[in-house]
Amino acid sequence: MLRLLASLGAVCLALPAHAGDWAAWRGPGQDGRSAETGLPAEVSAEGGALLWTAELPGGGTPVVWGDRLYAWGFRRGQANDAWETLAAFELSTGRLLWERPFRDFLSDIVYERYSIGAPAVDRETGNVYVQSSAGDLLAFSPSGDRLWTVSMMDAWGRLTFPNGRTGAPVVDEDRVLVHGITASWGREGPARDRFYAFDKRTGEALWSSTPGVQPRDSSWSTPLVVEQGGHHAAITGTGCGEVIAIDARTGEGLWRFPMSDGGVNHTVVTDGKVVVAAHNLENLDSTVTGRIVAIDLSGPLEPATEGAPVLRKERWRRDLAGFSSSPVLDGDLVYQVTPTGELVALDLADGHTVWEVKLGPDQLHASPALADGRLWVPLFDGTFAVVKAGRDGGGVLSTTKLGGKALGAPAIVDGRVIVHTTERIYVWGDGRPVAPVTPAPPVARSKGPVVSARARPAEVLLRPGEKKAITVELLDAEGRVVEVVPAESATSYVPPGAKVVSSMNARFEKGALVAPPDAGLTAGAWKVTAEGYEATTRGRTVSGVPFSEDFESAVVDQTAKDGSLFGWPPLPWIGARFKWQVVERGGSKVLGKTIDNMLFQRAWTFLGHPDEQGYVIEADVMSDGDRRAMSAVGLVNSRYLVALKGNQRLLEVSSNQDRLKVGVPFVTEPGVWYHLVASVQARPDGTSVVRGKAWKRGEPEPADWTITVEHPNGHTHGAPGVFGFTPNNLHRVYVDGLRLSKLPEAL
Amino acid sequence: MTLALSLLLSAAPAQAADWPLWGVDATRNMVSVEKKAPVAFDPGRLVQGTEEVDLSTAKGLKWVAKLGSQTYGNPTVAGGRVLVGTNNQKARREGIVGDYSLVLAFDEADGHLLWQHTVPKLGSGKVNDWEFLGICSATQIVGDVGYVVTTRGEVVALDLKGLGDGNDGVTDEAEHMVAPGLVVPTLDPAIDADVLWRFDMPVELGVFPHNTTSASALVVGDRLYTSTSAGTDWSHLDLPAPFAPTLIALDRHTGAIVGEEAVGLGERTLHANWSSPGWAPATGGAPAQLLFGAGDGFLYGFDLDPVVEGGLPVLHERWRVDGNKPEYREKDGAPIRYATPQGPSEFIATPVYAGGLVYNAIGQDPEHGPGVGLLSAVDPATGKVVWTYDGIGRTISTVSVHKGVVYAPDYDGRLHALDARTGAPLWVHETGAHIWGSALVVGKVIYLGDEDGTLTMLAVGKKEKVLGKVSFPAPIYSSPVVADGVLYVATQTHLYAFDGK
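Residues numbered from 1 in each chain as written. Chains lettered and ligands numbered in written order. Predicted model: local features only at pLDDT ≥ 70, side-chain atom pairs only at ≥ 80, totals over all residues. Heavy atoms only, no water.

### With respect to the overall build of chain A
Item 1. A tally of helices and strands in chain A yields two helices and 61 strands.
Item 2. For 747 residues, the compact-globule estimate of 2.2 N^0.38 gives 27 Å, and the C-alpha radius of gyration of chain A, at 26 Å, lies within 12% of that figure.
Item 3. The principal-axis extent of the C-alpha atoms belonging to chain A is close to 80 × 60 × 50 Å.
Item 4. Of all 747 residues assigned to chain A, the portion counted as buried reaches 65%. (Helix = DSSP H or I, 4+ residues; strand = E, 2+ residues; numbered from the N terminus. Rg over C-alpha atoms; globule rule 2.2 N^0.38 Å. Buried < 20%, exposed > 50% of the residue type's maximum accessible area, 1.4 Å probe, protein only.)

### Thoughts on the side chain of Arg 103 of chain A
Residue and element names in this part refer to chain A.
Item 1. For Arg 103, the position within the fold is in the loop between strand 6 (96-102) and strand 7 (120-121).
Item 2. Relative accessible area serves as the criterion here: at 19%, Arg 103 is assigned to the buried category.
Item 3. A distance of 2.8 Å separates polar atoms of two side chains, one belonging to Arg 103 and the other to Asp 81.
Item 4. With residues near it in sequence (within four places) discarded, Arg 103 still touches Asp 81, Ala 82, Trp 83, Asn 713 and His 715. (Polar contact = N/O pair within 3.5 Å; in protein donor to acceptor, adjacent residues only side chain to side chain. Contact = heavy atoms within 4.5 Å.)

### Brief notes about the sheet that holds strand 20 (residues 274-282) of chain A
The strands making up a sheet are joined through hydrogen bonds of the backbone, oriented either antiparallel or parallel.
Residues and elements named next belong to chain A.
Item 1. Spatially, the four strands line up as an open sheet ordered 19-20-21-24, and their pairing is antiparallel. Two strands in the sheet have a free side with no partner beyond their single neighbour: strand 19 (269-270) and strand 24 (314-318).
Item 2. Where strand 21 (residues 289-296) lies against strand 24, four bridges are found, and the strand directions are antiparallel. Within strand 24, the residue paired with Ile 295 across the bridge is Glu 314. (Pairing = 2+ DSSP bridges.)

### Observations regarding the packing of aromatic side chains
What characterises a pair of aromatic rings is the spacing of the ring centres plus the angle enclosed by the ring planes.
Item 1. Counting across every chain of the model gives 36 aromatic pairs over all chains.
Item 2. Ring centres 5.4 Å apart and planes at 5 degrees place the aromatic pair Tyr 426 of chain A and Trp 428 of chain A in the stacked group.
Item 3. Under the relative-accessibility criterion, Tyr 426 of chain A is labelled buried at 4%.
Item 4. Its relative accessible area of 0% is what places Trp 428 of chain A among the buried residues.
Item 5. On the basis of an interplanar angle of 15 degrees and a centroid distance of 5.4 Å, the ring pair of Tyr 72 of chain B and Tyr 477 of chain B is categorised as stacked. Linking Tyr 72 of chain B in the loop between strand 1 (61-66) and strand 2 (76-78) with Tyr 477 of chain B in the loop between strand 34 (466-471) and strand 35 (481-483), this pair joins segments that are 405 residues apart in sequence.
Item 6. Note on Tyr 72 of chain B: relative accessible area 16%, which makes it buried. (Phe/Tyr/Trp six-rings, centres within 6.5 Å; stacked < 30°, edge-to-face > 60°.)

### Remarks on the pairing of strand 13 (residues 257-261) of chain B
All names here are of chain B.
Item 1. For strand 12 (residues 247-251) and strand 13, the ladder comprises three bridges, and the chain directions are antiparallel. The residue of strand 13 that forms the bridge with Leu 250 is Ile 257.
Item 2. Linking two consecutive strands that pair antiparallel, namely strand 12 and strand 13, is a turn of five residues; a positive phi of about 85 degrees is found at Gly 255 within it.
Item 3. Two elements, strand 13 and strand 18 (residues 312-315), share two bridges in a ladder whose sense is parallel. Paired with Glu 260 across the two strands is Val 314, which belongs to strand 18.

### Some details on the interface of chain A and chain B
Item 1. Residue-level contacts link 43 residues of chain A with 51 residues of chain B.
Item 2. When chain A packs against chain B, the two sides together hide about 3,700 Å² of surface, and 51% of this comes from carbon and sulfur.
Item 3. A per-residue breakdown of the area chain A buries against chain B is headed by Tyr 111, Thr 287 and Arg 628 of chain A, which together make up 21% of the total.
Item 4. Its salt-bridge partner being Asp 452 of chain B, residue Lys 358 of chain A comes within 2.9 Å of it at the nearest N-O pair.
Item 5. The interface formed by chain A and chain B contains 20 residue pairs in polar contact (both at pLDDT 80 or more).
Item 6. A breakdown of the residues in the side of chain A that touches chain B according to their chemical character gives 11 nonpolar, 12 polar and 20 charged. (Buried area = accessible area lost by both parts, 1.4 Å probe. Salt bridge = Lys/Arg side-chain N within 4 Å of Asp/Glu carboxyl O. Nonpolar A, V, L, I, M, F, W, Y, C, P; charged D, E, K, R; others polar.)

### Things to note about the environment of Thr 522 of chain A
Residue and element names in this part refer to chain A.
Item 1. Tracing the chain through its elements places Thr 522 in strand 44 (residues 522-530).
Item 2. Of the residues examined, Thr 522 reaches a relative accessible area of 16% and is grouped as buried.
Item 3. Sequence-wise, Thr 522 and Met 504 are 18 residues apart; in three dimensions their C-alpha atoms are separated by 5.0 Å.
Item 4. Leaving out residues up to four positions away in the same chain, Thr 522 has contacts with Ser 503, Met 504, Asn 505, Gly 539, Arg 540, Thr 541 and Pro 572.
Item 5. There is a polar contact of 2.7 Å between the side chain of Thr 522 and the backbone nitrogen of Asn 505.
Item 6. Within the local environment of Thr 522, its side chain forms a polar contact with the side chain of Thr 541, the two groups lying 2.5 Å apart.

### Thoughts on the nonpolar core
Item 1. Residues Trp 19, Phe 41, Phe 106, Tyr 447, Phe 472, Tyr 488 and Leu 495 of chain B are the most contacted members of the largest nonpolar core, which totals 44 residues.
Item 2. Element by element, the count of residues in this core is highest for strand 36 (residues 486-490) of chain B, at five residues.
Item 3. Residues within four places of Phe 41 of chain B in sequence aside, it is in contact with Lys 59, Gly 60, Tyr 447, Leu 455, Met 457, Val 470, Phe 472, Leu 487 and Phe 498 of chain B.
Item 4. By size, the runner-up hydrophobic cluster in this structure holds 40 residues, among which are Ala 523 of chain A together with Phe 199, Trp 234 and Ala 241 of chain B. (Core = buried A, V, L, I, M, F, W, Y, C linked by side-chain atoms within 4.5 Å.)

### Observations regarding the side chain of Gln 601 of chain A
Item 1. Residue placement: Gln 601 of chain A occurs in the loop between strand 50 (588-593) and strand 51 (602-606).
Item 2. Among the polar contacts listed, one links the side chain of Gln 601 of chain A to the backbone nitrogen of Asn 728 of chain A, at a separation of 2.8 Å.
Item 3. If sequence neighbours within four positions are ignored, Gln 601 of chain A has contacts with Lys 593, Gly 724, Phe 725, Thr 726, Pro 727, Asn 728 and Asn 729 of chain A together with Ser 124, Val 127, Asn 128, Phe 208 and Trp 234 of chain B.

### Considering the confidence of the model for chain A
Item 1. Of the residues in chain A, 97% have a pLDDT of 70 or more, and the chain-wide mean is 95.
Item 2. Across residues 1-17 of chain A the pLDDT falls below 50, and counting only partners more than four positions away or on other chains, this stretch makes 43 contacts in the model. (pLDDT = per-residue confidence, 0-100.)

### Side note on the pattern of salt bridges
Item 1. Within the structure shown, the criterion is met by 74 salt bridges over all chains.
Item 2. A salt bridge links Glu 509 of chain A to Arg 507 of chain A, with the nearest nitrogen and oxygen atoms 2.6 Å apart.
Item 3. A salt bridge links Arg 628 of chain A to Glu 260 of chain B, with the shortest nitrogen-to-oxygen separation between them at 2.8 Å. With Arg 628 of chain A in the loop between strand 52 (615-623) and strand 53 (632-637) and Glu 260 of chain B in strand 13, the pair connects residues from two separate chains.
Item 4. Residue classification places Arg 628 of chain A among the partly exposed positions, given a relative accessible area of 21%.
Item 5. Exposure remark for Glu 260 of chain B: the relative accessible area of 6% places this residue in the buried category.
Item 6. Each member of the salt-bridge network shares a partner with another, and the members are Asp 199, Glu 204, Arg 454, Arg 456, Lys 468 and Glu 473 of chain A.

### A word on unusual backbone geometry
All names here are of chain A.
Item 1. Each neighbour pair has its own omega, and for Gly 448 with Pro 449 the value is 5 degrees, a cis peptide bond.
Item 2. Structurally, the position occupied by Pro 449 is in the loop between strand 35 (424-429) and strand 36 (452-456).
Item 3. A cis amide bond links Arg 456 to the next residue, Pro 457, at an omega of 0 degrees.
Item 4. Here Pro 457 lies in the loop between strand 36 and strand 37 (459-462).

### Observations concerning the environment of Leu 635 of chain A
Residues and elements named next belong to chain A.
Item 1. Position of Leu 635 relative to the elements: it lies in strand 53.
Item 2. You can call Leu 635 buried: its relative accessible area is 0%.
Item 3. The spacing of Leu 635 and Glu 618 is 17 residues in sequence and 7.4 Å in space, taken between C-alpha atoms.
Item 4. If we ignore the near neighbours within four places in the chain, the residues touching Leu 635 are Ile 617, Glu 618, Ala 619, Tyr 640, Leu 641, Val 642, Leu 676, Ala 678, Gly 721, Val 722 and Leu 738.

### Details of the sheet that holds strand 41 (residues 489-493) of chain A
All names here are of chain A.
Item 1. Taken together, the four strands give an open sheet; going across it, the order is 37-45-44-41, and neighbouring strands pair in mixed fashion. Two strands lie at the open edges of the sheet, namely strand 37 and strand 41, each paired on one side alone. Taken pair by pair, the neighbouring strands of this sheet meet at an average axis angle of 30 degrees, ignoring direction.
Item 2. Pairing of strand 37 with strand 45 (residues 533-541), which is carried by four bridges, proceeds in the parallel orientation. From the neighbouring strand, Leu 461 faces strand 45, where its bridge partner is Arg 540. (Axes fitted to C-alpha atoms, helices over the stretch in contact; angles between N-to-C directions.)

What follows is the structure, encoded as structure tokens:
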């Protein structure tokens, strides 16, 4: 780490003049600056410089690679139907080339707060990546072919939040980086703001990293990748209320700067000596909200018991706020739009205000861009202001009111200024030809020497009978890959400090982990060797059908705060830790929802493969309660929730509540076991039929389904799971006799 | 009228110049009986690098008290005390550090702290008890008792004299001062509040509060009325407790529940029931009523006295009117989605009674942004709408009615002046900043704070006339009040008491 400190500041900041390149949301320099000149003197929603406009609601920034503009937006269908989409336009003409829809599921996203973020283009392959608001990380070819998908929700336990907001993935060398609040299993069971790297060609997990501490909030800050102190560092705000730097090649936590009691959401900027960051929530060391700070990278690092070492040195701080609007660096000035709509120019040397101008009532996510001596500033209310930049700037050159709200930043490329609002895309310019782009060369392998090894994939997920080749990446001192070799051995082991002693039911055979046909639901860690190096990975076997779990084999030997005994939930379940416990109830071991932590009054828990489809899930379920209040318990099948909602007196089918929510009256009594069944049938016409049935346990099964919902353009697959919601943590819910079976063909 | 109401409502009537509850009296009409309040004052600047006010730069400032980092609560003043809700970012009590909600009681004479009521967060995050919001409820002072609704969903009666005269009422204050499982502090009479009784709405009634519990309770006679903030969950659509009441009545002496609405409001709630109840006196042959701007976007009149129905004491509905125009609810036969700019809204502002009419305007959580609004004037005797005004945007500000003119701020940052009898627009003032709080009328001056931290003073009357603007170092989300000749302005971070001297 001393090495890092000694050489901080080695950041290349020359503005690259990449014609045709706005491959990521902040442009080629990742800083909102464009080298374009000769931009329109004035822009307006219908003005002469408007080259083209296209109707597509969106909440972010389009990216450009050559004559291709990719925009992440959403479309509305019949009734409450809506879906996100990646749209490819021809930049020169505005012609729509293709669209690829993807749908929301099991999320809390409200009020169509979709597509808040941006796609990212890989300069080598031209492939384009986007993370959906529900958390699916998607890779597309330039022609729109889906290359791979990682379901971050049911594979990695990524949480969603009502405002959506996934930001932008970062394509860096051979990796795609994302981060978010996840709670999965084992050491990654506790919720943390985690970083993940996936192979940009295959989607295979390279590493996950937990450089921070317990999150206070969510964050959708997009990392800034710079060379720093011999590290290829990704610097970003997190839900821990910190600015964090990790090594983008290895995930190693480099430093973290605690600055807020809430999430830090914007994308930071740096001149190599300081990192300028802002937030709009509580400070840790004052009694006002919001701050802009210049983090001094020369500061000492304090070792920490959890997470990366702590950096605290500041060059300056100001009691100005920035919520998720990102700053722009312009030599010795930094520009920031405050939550109350003031564009402020600060002196980078000492933070003093050089000038400020109020442009609108407020600013939320939208960020300015700098080009041609002007700041191009979209605002939340749809105002698009152009302001003179520089030390003598601040003069408003023009303003126009766009249709919809602006939540993203302008992309400025090829003489064009591009803004995406919640209604449409606007492209202004003089119509000059679009410059061709030169693909980046493939990432060169390092010549070594090898200093460490990393098992690949970072986590294995196998269904019964499946196998996965395990390789070892040999890395140099800077985390670059020297060579990828087959694993020579893989040995199951229990990591120190594991709460549950468990191993993954698989064998190592011919360089691969192989799950037996009766693998069941298991999880564990592996030590992997190759060419004298040792690395670790971990994995789960998840059951297909049939599967049953009655919890009777669980060990109930833990003591809760109230003195009661409990057992840990099955280790391989995603998002179960601290939310479910195995408890004794009526002489039987059952799964009970915890009610000791209000943060966990609701639990989404997954226990299978994200690609599982064509199955039935059923279980005995029960809610405690009284005349005033009960709780809700349900089963997840293929991205649908079928739940008995005691307070509402309903049996309800939903996915995202805004997209699909259909209930039928069903009164449940507190303290009474019911049997609940949920099936999903994906029809060839794209409609999914969700069926639910419930009855008192012990009574004859009703012949008919209690609820049947046809969902056009429905979900076809998704991990099975259980759901519990104990409002105000007053009354527990329980699950027992969980079974998965194949969907009957008779349906 | 104001004095008469005070006599009616309070066991120990407040002085005419006090400001003992949100809206000064049960009519909630923010017009002071005082003839004038300071107009020449300056909050001064903060000492650089600190949060202390440099008093040498202030003018007309009697005292200033540091609050937390977020203050939405409106001050109330009576019995020589000034009470305000805030958060605990300025920690004052040993062992209470971090995110708590507070009611602070200051000495009216010099602003020194007398006691604080400490409320731990529910811990469920934004869905029920948003981090750092602090107490939003204005404490109603009746004699020696203050009644407040906490961010945990409790209704609490506080001994205005604190623990100095002994621990009256319940004696479990210390264990309720921290979240369950934490070390219980020792009660400190020098700073801790004396709780007389406590009623927990989520626990007792199954209420699921949305984001926070915000209402300012209203005491009328022996009863206390409050809304419950019952609303949606994370999805902003699902109502986890649709049969829990949205409006209740408690015995103000014991905290026992003595009535609740049973008109299905919990099932119809668009977002949350945050509006504070109002009151109308007997008028036009109708008895005095409880007024409620509800989470379904309707304004209701209820009888004050509960009646037993189905074994439960319930508040009987006299009338309801939709606060939305039909075209906000539906277009071409299809419902318009909530939280869209053209869609329907609920009531968050408090209904005001003045001159025989009830006034209130619809709005939404500011986080939903601007949208269409409507101000309605309703005859409480008949439950009929007398006029509406759709020139206003969504608002969470409560109107003030003075000498035949309604002053109604909106979230867009405008102050609308209308003829109180007809709704005819007289003038509109643009502040250029979002407005959360309400306008105060004292004598010939309207005081109005905004998100930019500007307090604008305008002349009452039928023509727009700006008298002055004063800039504060932090946003103003609460409403200015006046008591005993002193103007109180709470910014997010400080409470300023201006005497103009």
